[in-house]
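# Inside the fold
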Number of protein chains: 2
Amino acid sequence: MNKSKFPLNKAVLNDIIKDHEADLNNIGIRELKRLVDHLADHYKVDFLHFEFGVPGVPADKIGPQEEIRVLTEDKNLPSTYPPFDGIPRLKKATACFVKAFLNIDVEPENCIPTVGAMHGGFIAQAIAGRRFKTADTILYLDPGFPVNKLQTKFLGLKCDSIDLYNHRGAQLAKKLEKKLSTGKISAVLWSSPNNPTWLCLKDEELKLIGLLLTKYDVIGIEDS
Amino acid sequence: MNKSKFPLNKAVLNDIIKDHEADLNNIGIRELKRLVDHLADHYKVDFLHFEFGVPGVPADKIGPQEEIRVLTEDKNLPSTYPPFDGIPRLKKATACFVKAFLNIDVEPENCIPTVGAMHGGFIAQAIAGRRFKTADTILYLDPGFPVNKLQTKFLGLKCDSIDLYNHRGAQLAKKLEKKLSTGKISAVLWSSPNNPTWLCLKDEELKLIGLLLTKYDVIGIEDS
């Protein structure tokens, strides 16, 4: 990093903040990232992005290497539709991963790749929200990733919330059962480790949540 | 193709059809593709897929070559989020393409890549359907791609339809204006060249459609 550029020029900084219509007291993660990208571009300086989930660890080369191999060897691939039911090799590998990582047996046909947890959360909410007419609400264990709630709104579903700071262990189970017993909840969505706080649900909490989801036939969506 | 495998065994064929719960008199394009894939796999025989949009022309090597170059040279790419506002190089290239292909000036920031027309049609409907509370209907110039209507339903919007077989030229404009003037139409969606009939709208028809869309502030979505 070129230290001679620091401290950054106040007038330039203020102009950029004004350009972005940013209020630094209330700025969201995405606005902040965009603002800092602008600064990085302006000053030709790299910033560490502690506000954003880029750990800086390079991806294992096994992925890019295999992508290069397939692109090199299968000339027709880029002009061919993937199979409707998904790529068998990927679905089988997903099932193997779930077995190795979580010790859960799941059929490859039930493993649906998405482009990330945000996409997976969207589809899972869409399905959960249409199982029963009266169950039109996604229950969040907060704090959480705000985009999920925008997805709920996009899908025409309602949001409800339990705050994890005030409800852990038996308190969480009690509060959860009260909500689930209304029949209005189609899914419970949480992240663990939590985004953005890194809070982790304990094994016994996850077990209590699982038992209640089964009892009330509600879908659990975990972003982990 | 190994001719000795033909004619295919009737009992095997019937079993596969039964397995797929397929009614050949009413089969959809996707079910048919899946059925034929099953046959191809069983007999180790390649089929030409006239029912499906795979023309069999290999993609230009410029695309895969560049993908291989980037994957080889930028080790951090696979573990890095793309920018929120899109990849500047791709957005600029899209604007250049639109200028060269359609002679239309559009800013790179207004070029939004999607994973295909189906994805583009989904997002465009979602936006169009939320501009005005009373305009909750997507108007289709039929025949069309049935998945688009499933998207409309998914989004909680309504469908209306004008059949192109009975309405062309001035007749189409008259019928279209009658629908648009109700204020209920948020977007008009058509494909030209048409999927699945290859019917093409004439320049003067596209002009009439454009004028009416502008007059009534309705969004046009073309899958072409």
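Bear in mind that the values here come from a model prediction, so they are computed numbers and not experimental data.

### Thoughts on the pairing of strand β3 (residues 185-191) of chain A
Residues and elements named next belong to chain A. With 7 of its 7 residues buried, β3 lies for the most part within the structure. Where β3 meets strand β4 (residues 219-223), 5 bridges bridge the pair, whose relative direction is parallel. Within β4, the position partnered with Ala-187 by the bridge is Ile-219.

### Some remarks on the relation of the copies chain B and chain A
The transform that puts chain B on chain A rotates by 180° and translates by 0.1 Å along the axis, for an RMSD of 0.1 Å. The transformation just described matches what one would write down for a two-fold rotation axis. Considering only C-alpha atoms, the residue of chain B closest to the rotation axis is Ile-68 of chain B, which sits at 2.7 Å. Take the interface residues of chain B: 100% of them recur as interface residues in chain A, which is what a same-surface contact looks like.

### Quick word on the domain arrangement of chain A
Taken domain by domain, chain A comprises domain 1 (62-110) and domain 2 (117-223). Using only C-alpha atoms to locate each centre, domain 1 of chain A and domain 2 of chain A end up separated by 29 Å.

### Examining the pattern of salt bridges
Residues and elements named next belong to chain B. Applying the stated criterion across every chain, the model contains 25 salt bridges over all chains. With a closest N to O distance of 3.0 Å, Arg-131 and Asp-217 form a salt bridge. Linking Arg-131 in the loop between α5 (117-128) and β1 (137-142) with Asp-217 in the loop between α8 (203-216) and β4 (219-223), this pair joins segments that are 86 residues apart in sequence. Residue Asp-136 is joined to Lys-158 by a salt bridge in which the shortest nitrogen-to-oxygen separation is 3.1 Å. Placement of Asp-136 in the loop between α5 and β1 and of Lys-158 in strand β2 (residues 158-163) is noted, with a sequence separation of 22 residues between them. For Asp-136, a relative accessible area of 22% puts it in the partly exposed group.

### Here we look at a nonpolar patch on the surface
Residues and elements named next belong to chain A. Where nonpolar side chains cluster on the molecular surface, the patch consists of Phe-97, Phe-101, Leu-102 and Ile-104 and spans about 460 Å² of accessible area. The residue Leu-102 is located in helix α4 (residues 88-102) in this model. By relative accessible area, Leu-102 is classed as exposed at 51%.

### Some remarks on the packing of helix α5 (residues 117-128) of chain A against helix α6 (residues 146-154) of chain A
All names here are of chain A. Where α5 contacts α6, the axes come no closer than 10 Å and their chain directions differ by 35°. The two elements α5 and α6 cross, and the hand of that crossing is right-handed. On α6, the residues that touch Met-118, Gly-121, Phe-122 and Gln-125 of α5 are Val-147, Asn-148, Gln-151, Thr-152 and Phe-154. Broken down by class, the residue content of the contact of α5 with α6 amounts to 4 nonpolar, 5 polar and no charged.

### Digging into helix α3 (residues 62-73) of chain A
In this model, α3 of chain A (12 residues) spans 16 Å end to end at C-alpha, consistent with the 16 Å of a helix rising 1.5 Å per residue. Residues of α3 of chain A that are buried: Pro-64, Ile-68 and Leu-71 of chain A. For α3 of chain A, the arc enclosing every buried residue in end-on projection is 70°, short of the 170-degree limit, so these residues lie on one face. For α3 of chain A, the exposed residues lying more than 90 degrees away from the buried face are Ile-62 and Glu-73 of chain A. Where the residues of α3 of chain A are buried, they touch α3 (62-73) of chain B.

### Looking at the sheet that holds β4 of chain A
All names here are of chain A. In spatial order, the strands read β2-β1-β3-β4; together these 4 strands make up an open sheet with parallel pairing. Bordering the open sheet on either side are β2 (158-163) and β4, each of which pairs with just one other strand. For this sheet, the mean inter-axis angle between neighbouring strands, taken without regard to orientation, is 25°.

### Let's talk about unusual backbone geometry
Excluding glycine, a negative phi dihedral is what most residues carry, and trans is how most peptide bonds are arranged. Between Asp-142 of chain A and the following residue, Pro-143 of chain A, the backbone shows a cis peptide bond with an omega angle of 5°. Along the chain, Pro-143 of chain A turns up in the loop between β1 (137-142) and α6. Phi is positive for Glu-21 of chain A, close to 50°, though the residue is something other than glycine. Mapping Glu-21 of chain A onto the fold places it in the loop between α1 (10-19) and α2 (29-43). Located in the positive-phi region is Lys-44 of chain B, a residue other than glycine, with phi close to 50°. In this fold, Lys-44 of chain B is placed in the loop between α2 (29-43) and α3. For Lys-44 of chain B, a relative accessible area of 62% translates into the label exposed.

### Examining the packing of aromatic side chains
Throughout the structure, instances matching the rule amount to 6 aromatic pairs over all chains. Where Phe-154 of chain A meets Phe-122 of chain B, the ring centres are 6.3 Å apart and the plane angle is 55°; that geometry is what we call tilted. Highlighted residues: Phe-154 of chain A in helix α6 and Phe-122 of chain B in helix α5, drawn from two different chains. Judged by its relative accessible area of 24%, Phe-154 of chain A is partly exposed. Among the residues examined, Phe-122 of chain B registers a relative accessible area of 13% and is labelled buried. On the numbers, 5.1 Å between centres and 15° between planes, the contact of Phe-97 of chain B with Phe-101 of chain B is stacked.

Conventions used here
- Residues numbered from 1 in each chain as written.
- Chains lettered and ligands numbered in written order.
- Predicted model: local features only at pLDDT ≥ 70, side-chain atom pairs only at ≥ 80, totals over all residues.
- Heavy atoms only, no water.
- Buried < 20%, exposed > 50% of the residue type's maximum accessible area, 1.4 Å probe, protein only.
- Helix = DSSP H or I, 4+ residues; strand = E, 2+ residues; numbered from the N terminus.
- Pairing = 2+ DSSP bridges.
- Least-squares fit on C-alpha atoms with pLDDT ≥ 70 in both.
- Contact = heavy atoms within 4.5 Å.
- Domains from an automatic or database assignment.
- Salt bridge = Lys/Arg side-chain N within 4 Å of Asp/Glu carboxyl O.
- Patch = residues over 30% accessible without salt bridge, like charges linked within 9 Å, V, L, I, M, F, W, Y side chains within 5 Å.
- Areas by Shrake-Rupley, 256 points an atom, 1.4 Å probe, with all protein chains shown as cover.
- Axes fitted to C-alpha atoms, helices over the stretch in contact; angles between N-to-C directions.
- Left-handed = near helix turned anticlockwise from the far one by under 90°.
- Nonpolar A, V, L, I, M, F, W, Y, C, P; charged D, E, K, R; others polar.
- Expected span 1.5 Å × (residues − 1).
- Arc of directions from axis to C-beta.
- Phe/Tyr/Trp six-rings, centres within 6.5 Å; stacked < 30°, edge-to-face > 60°.

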